Amino acid sequence: MIEMHEVWKTYPNGSAALQGVNIRIDKGEFVYVVGPSGAGKSTFIKLMYREERPTKGSIFVNGFNIERLKERKIPILRRQIGVVFQDFKLLQQMTVQENIAFALEVIEAPAKKIRQRVAEVLELVGLTDKAHVLPGELSGGQQQRVSIARALVNNPVVIIADEPTGNLDPETSWDIMNLFEEINRRGTTIVMATHNKEIVNTLKKRVIAIENGQIVRDQRRGVYGYED
Amino acid sequence: MKISTLMRHWREGFKNLGRHGWMTFASVSAVSVTLLLLGAFLILAYNVQQFSLQIEQQVEMNIIVKEKSNRADVLSLERQIKALPGVKEVTFIPKEQGLEQMKQRFKDNADLLIGYEEDNPLPDKFIVKAEDPQQTSALASKVENLPLVKEVNFMEETVEKLFSVTKIVRNAGAAFVVGLSFTALFLIHNTIKVTIFARRREIEIMKLVGATNGFIRWPFLVEGLLIGVLGSLTPIIIIGIGYDYLVRNVGGVMYFYFAPLDPLIYSVAGILLGIGALIGMIGSVMSIGRFLRI
């Protein structure tokens, strides 16, 4: 599903974000990526959907060879990956429904199929009644649900989430986690960078810990392991 | 691309105008101001062009025929002049007619000319206009070499001066139109760049969801086109009304009359609409380029 071999990433300013990372994540897994701020978590995640390119090493995501991927082909890769961010990244001037439909419009899906599929995911995230509302009128938790719905609408093989609960209060965070759990149960792989100790320690999954650009721990049903 | 996708891009382009209301207003205003300037100048340039054409049309040469030439030879001369390349029209004025014209000009003192009918001192002459008035001088030197031609008059210096002035006016006009077009392009490009800069997050999100560059670019292209077209409407109306007022109330300068509103206004409207649409699209596509590399 996702494989990295000896991946190095050095930014133009000289900071070495990743130093020889090897990892294999299989289909259907639920993986937490933990570690101190600036340890390389974000870089690790960004490499998967080709926002960043590795300096050295090879990455495969769902059969795509990331470092050989042509600029033109990046959209094809991204359509098979759902991405969820701490700041939701919703298009503010589009309604909830339009935001979700956008991911299907880019693949030129038929209008009828778009309507149908959008209604499905809206129901899954419990926002059917908010379809025609602008993101700005929603709470943080609701906005994150919209962004999850958008990530899901293409039936991606993997959802990559960068601190999806970072801006949410504990109760809302749990709602969102339950949603991810449900999505994972339906077979979608989930890779999630997080700082939420309580969640990692309660909802036990595989934990990959990154420090100073290297994987220092990789446990089945692991714990958070940091004191923040 | 599917028809439904194309329609989606048009819909989005239209919606974006409303979503970014103030940005739209700013861009449309920038387009309007530059196109108003350009349009006003086009009208001016056209009138100057007409004016200089009118003057040039009046340029003609008088060909004086040698005295005591017989009529048959003169007629053969006329054929030779007509056969020269670049001759537009040839009018033969026999000396009798010349005398007649002179009498008319003298009016009250026409009796001074009594008696000249028997021994007419005037020469036969031809009045010749060149196809291209600028070629008058070249044509004159050709005519001079024909037999029976005594002399050719065309106020050489005045005419050459006139041509050099009209040439300068024309070239300056062309340069001005090109310059203004570029200024308009630059202004529109900049305004749209500001609006796109405000929307780079939007573009980034679209790319993360898997939109191709073309897919993102299309609505912007439509938007640019619409901004250009909208921006050209106000200047067209202002110029139409303003010029109509000028034609009706001022009419002209000295002995030159302004070109009539119809059909000039249609050409100007077409040009402004076309330039507006074109630079709207170019401006927006140029502006978006750098933000697509995510």
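Let me sum up the structure you'll find in this document. (Residues numbered from 1 in each chain as written. Chains lettered and ligands numbered in written order. Predicted model: local features only at pLDDT ≥ 70, side-chain atom pairs only at ≥ 80, totals over all residues. Heavy atoms only, no water.)

## With respect to the pattern of salt bridges
Within this structure, the stated rule accounts for 20 salt bridges over all chains. Here R8 of chain B ties to E105 of chain A by a salt bridge, and the two come within 2.7 Å at their closest N and O atoms. Within this pair, whereas R8 of chain B is found in helix α1 (residues 3-19), its partner E105 of chain A is found in helix α3 (residues 96-105), the two belonging to separate chains. On the basis of relative accessibility, which here comes to 4%, the residue R8 of chain B falls in the buried class. Sharing partners across several salt bridges, the network here consists of E29, R206, D218 and R220 of chain A. (Salt bridge = Lys/Arg side-chain N within 4 Å of Asp/Glu carboxyl O. Helix = DSSP H or I, 4+ residues; strand = E, 2+ residues; numbered from the N terminus. Buried < 20%, exposed > 50% of the residue type's maximum accessible area, 1.4 Å probe, protein only.)

## Observations concerning the pairing of strand β7 (residues 158-162) of chain A
All names here are of chain A. Counted residue by residue, β7 has five buried out of five residues, so it is predominantly covered. The side-chain alternation of β7 yields two buried faces, one formed by V158, I160 and D162 and the other by I159 and A161. As paired strands, strand β6 (residues 81-85) and β7 are joined by five bridges and run parallel to one another. Bridging across to β7, V84 finds its partner in A161. With five bridges connecting them, β7 and strand β8 (residues 189-193) associate as parallel partners. Looking at β8, one finds that I159 is bridged to I190. Crossover handedness for the path β7 to helix α6 (residues 170-185) to β8: right-handed. (Pairing = 2+ DSSP bridges. Right-handed = clockwise from strand over helix to strand, strands pointing away.)

## Here we look at the environment of I208 of chain A
Secondary-structure assignment places I208 of chain A in strand β9 (residues 206-211). Not counting residues up to four positions away in its chain, the partners in contact with I208 of chain A are I23, I25, V31, Y32, V33, V34, I215, R217 and D218 of chain A. (Contact = heavy atoms within 4.5 Å.)

## What to know about the sheet that holds strand β3 (residues 30-34) of chain A
All names here are of chain A. Pairing is mixed across the open sheet formed by six strands, whose spatial order is β6-β7-β8-β3-β9-β10. The open sheet has two edge strands, β6 and β10 (214-219), and neither has a second partner. Averaged over all pairs of adjacent strands, the angle between their axes in this sheet comes to 15°, without regard to strand direction. With respect to the sheet, helix α1 (residues 41-48) is in contact with β3, β6, β7, β8 and β9, its orientation differing from that of β7 by roughly 150°. (Axes fitted to C-alpha atoms, helices over the stretch in contact; angles between N-to-C directions.)

## Some points on a nonpolar patch on the surface
Residue and element names in this part refer to chain B. On the surface, L230, L233 and L273 cluster together into a nonpolar patch covering about 220 Å² of accessible area. Here L230 shows up in helix α8 (residues 213-249). According to the relative accessible area criterion, L230 is partly exposed, its value standing at 38%. (Patch = residues over 30% accessible without salt bridge, like charges linked within 9 Å, V, L, I, M, F, W, Y side chains within 5 Å. Areas by Shrake-Rupley, 256 points an atom, 1.4 Å probe, with all protein chains shown as cover.)

## Some points on the sheet that holds strand β4 (residues 149-153) of chain B
All names here are of chain B. Spatially, the four strands line up as an open sheet ordered β2-β3-β1-β4, and their pairing is antiparallel. Edge positions in the open sheet fall to β2 (87-93) and β4, since each of these has one partner strand only. Averaged over all neighbouring strand pairs, the angle between strand axes comes to 20°, with direction disregarded. Two elements, strand β1 (residues 61-65) and strand β3 (residues 125-130), share four bridges in a ladder whose sense is antiparallel. Looking across to β3, one finds that N62 is bridged to I127.

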